Each structure stands twice: as C-alpha cells, then as structure tokens.
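Single-letter residue listing:
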Amino acid sequence: MQNVVVLGSTGSIGKSSIEVIKKNKDKFNIVCLVAKSNEELILDQSKRHKNSKIYLENPKRIKSSKKLIEKNELLELISSKDVDVVIAAISGSDGLELIHHSIKNGKKILIANKEPLVMAGAFLMNEARKSGAQIIPIDSEHCSIHQSIEGKTKDSISKITLTCSGGPFHKLSKSKFKTITSNNALQHPIWKMGKKITIDSATLMNKALEIIEAKHLFDLDQKKIEAIIHPEGLIHSLVEFNDGTVLASMALPDMKISVSYGLGFPKSIKNGVAKINFQELKNLSFKKIDRKKFPSIDFAYFALKYGKGMPIILNAANEVAVDLFLKNKISFLSIYDLISSTLNYADRSNMNLTSVSLSSIIKFNQEARDIALNYSSKFIK
Ligand code: NDP
Ligand code: MG
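Calculation rules
Residues numbered from 1 in each chain as written. Chains lettered and ligands numbered in written order. Predicted model: local features only at pLDDT ≥ 70, side-chain atom pairs only at ≥ 80, totals over all residues. Heavy atoms only, no water. Donors = N, O, S within 2.8 Å, 3.2 Å for Na, K, Ca; no water. Helix = DSSP H or I, 4+ residues; strand = E, 2+ residues; numbered from the N terminus. Buried < 20%, exposed > 50% of the residue type's maximum accessible area, 1.4 Å probe, protein only. Expected span 1.5 Å × (residues − 1). Axes fitted to C-alpha atoms, helices over the stretch in contact; angles between N-to-C directions. Parallel < 35°, antiparallel > 145°, perpendicular 65-115°, else oblique. Left-handed = near helix turned anticlockwise from the far one by under 90°. Contact = heavy atoms within 4.5 Å. Salt bridge = Lys/Arg side-chain N within 4 Å of Asp/Glu carboxyl O. Near = heavy atom within 4 Å. Polar contact = N/O pair within 3.5 Å; in protein donor to acceptor, adjacent residues only side chain to side chain. Areas by Shrake-Rupley, 256 points an atom, 1.4 Å probe, with all protein chains shown as cover. Nonpolar A, V, L, I, M, F, W, Y, C, P; charged D, E, K, R; others polar.

Further remarks concern the coordination of the magnesium ion (ligand 2). The protein atoms donating to the magnesium ion (ligand 2) are D139 (OD), E141 (OE) and E210 (OE), with metal-donor distances spanning 2.1 to 2.2 Å. Every donor residue of the magnesium ion (ligand 2) comes from the same chain, spaced as D-x1-E-x68-E. Linking D139 in the loop between β6 (134–137) and α6 (140–148) with E210 in helix α9 (residues 205–218), this pair joins segments that are 71 residues apart in sequence. When its relative accessible area of 7% is taken as the criterion, D139 is described as buried.

Pasting the structure below:
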C-alpha cells in the first residue's frame, strides 16, 4: 500500500487523481488532502478518505478540526516515512515550495503543476538527483514523452513535438482578437480544466510554458523542442529519433490517464477511462502554429535563450496578466502586451537571478510580479 498526498485536491487534476485512487483502493491510500480555501469540497473528500489529514492554505470558517493540520505539520508529514507519493496539482507558482520540499525529501512526485518547473526546473531536477526523488510528469504531453523515451538514450532523440488543441481561437482571425472576452476564452474545445490553464490554452501560453517544462524534464536543447496544433487532441506528443522513427503517443484526452500512468509506473493500472475506437476514428490532423497570432511561443524561446531567470519573469508576467484578464481588467490582447513589456524591461535593466536557491527564486519571482503589476496600469481598461 502506498501513502499519497494530493496537493490541490479540490482542483481539476486533484479530483481526477482521487478518482484514479478510488479505482485502485488496494494499492493507494490518501494520507493528506491539500487545497487553498474550498472547505466544503475538501471536507467532503476527507469523509471518503477517513485516515486523511487536511491542510488549507487559507481556511475561512473551519478553525479547528481533528483532521486539519498546520503548515509545519504538513511539511513534517511529507518528509516522514508515512508518505510515499506526492501528486503536485496546485495551480501556478504557489506550488513551488511544496514541490521543492517533496523533492528534497526524496519522494516519488507526480507533477502536473508546470509553473514551478518553468521557474526552477534546472534547480528542482538537480535537487532530485541529490535526494533520489523520482519525478514523473503528468502534464499529458510530458507524460506521453516520458513513455515514448523509456529505455532510450537522450542522444538518440532528434526532436520532440508537443501537441495542442489550438484552444478556442486558432481559427479566429487576429483582427477579431480584440473582441475576445474572458467568457469566450474559458470555453476550451477539448479539456475541462482550472481557469488559469484554460486561459493559458487560449493564448497558447500553456504551450510556451510546456516548451520550457520539457527542456528541464528531458534536458534537451531548445532547438529540439517544437509545438504543433492537433485539434483532435488524441496524439499528445511526437518523439522523433535519429533514425527517423517517430513515436506518437495516443490516448483519449482525459487526465486520469496521466495520473494512473504516474501512480502505477512502471506498471499500467486501471483508471476507468474508455479506449480509443480506431474503427470510428475519421481524422488526425496537424496545423503549424501562427506565431504572429500567438506570440507566446516566441516568448518561450526568448526566455530559454536568455536564461538568467527570464523564464521566472515570463511566468510571473503571465500569472499577473491572466489574473487581471479573468477580473475583466485588461483585454485578451493586453495579456501579450503586458508580458512583452515586462520581458523588455527585464532585458533592458539586465535583471539577473544570481544565486539559485528556493528563497532567491521566490524573491526574484516577487520582483518580477511587481514589475508586471506596475506595467499593468498602462493596459487597465
Ligand atoms: P485548478 O484551479 O482546478 O485547481 C487548483 C488547486 O490548487 C485547487 O485545489 C486549489 O484549492 C489549490 N490551490 C491553489 N492555490 C493554492 C495554495 N496557495 N495552496 C494550496 N492549494 C492551492 O487547477 P488545475 O487542476 O486545472 O491545474 C493544476 C495544475 O496542473 C496547474 O499548474 C496546471 O497548469 C496543471 N495542469 C492541469 C491540467 C488540467 O487538465 N487541469 C492539465 C495539465 C497540467 P481551492 O480549490 O481551495 O482554491
Ligand atoms: Mg499539457
């Protein structure tokens, strides 16, 4: 029996994780559920997982409960022998500290929460090498690449291609982008996800973050990482090897598949998801990303090439921009303008992350957020 902590249990990935664990009760036991403030749902989840503790970052009504633990108790629990697996499904940069703590303590960690990998990928991968932590990506594209390269050496890979559905606007002409509202952008054609990643999928910033995520997870040169639109959402990645062979990893678009892959690895376990019916399948198509329409992809390559903390700045500017867009304070196109202004400022003023530690990364992230917030006044409607 493996003991599991679910970080972000009340979110979209958290709920999928709990469903997969329910299907494999003989193998996994939830020992702690973690969320920000959704008390009703976390209490309901904890009733079904009788032995699990609860940690809330921002408790509102419940002040005490036998199950509710404090932050120091959560950190202690994760570092103890009572935890085997951590599922990292908090949204955004807020997840960094607990991912770092789980890795430092040598846990098996399933990472959906891509932003901390974008901010601190090289640092976290290095910490994992030191502690022996096992990192399994469960962001669907990276999870599928993990499967395709299993048993292969890194120098046999000539290219990896991350697919994306293209979001709701890849067919819309750029001249209409100024009319996009947050409600329009929250309608994702394929995946049902949290609000932040749904907006990132509409701007294609999700793919930009995933390019950086892939660089760190698989330690590949950025020239070997591409992204392409695949509207059917059935192929999650394409890995090309030196001999021209390409492994395309397919599955229905359901995050329970990635979660069950991570939990079961190296075995394949049940997840209750239907299988692809190839007899009924009509089309598998690809389309190049229009990088004038979606400047996000260029932002990612710029941040990677520049280094020196630029991915932290990119992620921070995007988080600030998405938050303002969701509050209807800036327009869809201003998301790109705000990111671009922040990146330009950081370049001009030669901002540089000089030391690499958890505290220096958190401090640098805060500085980057402040700069983006400052610029946002130019774009507020
Ligand atoms: P959601 O917004 O649906 O859920 C976020 C979860 O994190 C909630 O449980 C929320 O709690 C919790 N949370 C937020 N802030 C904190 C905090 N400071 N401390 C503790 N808990 C916190 O997000 P998703 O599940 O969609 O995404 C989670 C991560 O996984 C993101 O990084 C995303 O990019 C990545 N991902 C998601 C995919 C998807 O299909 N959804 C696919 C691939 C990757 P509360 O409910 O109380 O606010
Ligand atoms: Mg993804």
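What follows deals with helix α13 (residues 332–348). Taking 1.5 Å of rise per residue, 17 residues should cover 24 Å, and α13 covers 25 Å from first to last C-alpha, within 8% of that figure. If you check which residues of α13 are buried, you get F332, S334, I335, Y336, L338, I339, S341, T342, L343 and A346. Among the residues trailing α13, N350 stands out with phi positive, at a value near 55°.

For any two helices packed against each other, the geometry is given by the interaxial angle and the distance between the axes. Direction vectors running N to C along α13 and helix α14 (residues 358–376) enclose 125°, while the axes themselves pass 9 Å from each other. On the basis of their axis angle, the class for α13 and α14 is oblique. Read as a crossing pair, α13 and α14 show a hand that is right-handed. Between α13 and α14, the contacting residues are L338, S341, T342, Y345 and R348 on the first element and A368, I371, A372, Y375 and S376 on the second.

The next thing to look at is the pattern of salt bridges. Summed over the entire model, instances satisfying the criterion amount to 18 salt bridges. With its nearest N and O atoms 3.2 Å apart, the salt bridge here joins R48 to D44. Taken together, the residues R48 and D44, both in helix α2 (residues 39–48) and four residues apart, mark about one turn of the helix. What makes D44 partly exposed here is its relative accessible area of 30%.

A separate point is the site of ligand 1. Of all residues adjacent to ligand 1, which total 25 residues, the nearest are T10, S37, N38, E115 and G194. Contacts to ligand 1 include K36, whose backbone N or O atom sits 3.0 Å from an oxygen atom. Within the side chain of N113, one N or O atom sits 3.1 Å away from an oxygen atom of ligand 1. Alone, ligand 1 offers 910 Å² of accessible surface; in the complex the protein occludes 88% of this. Elements represented by at least two residues in the shell around ligand 1 include exactly α1 (12–23) and α5 (114–131). A class-by-class count of the residues in the shell around ligand 1 yields eight nonpolar, 11 polar and six charged.

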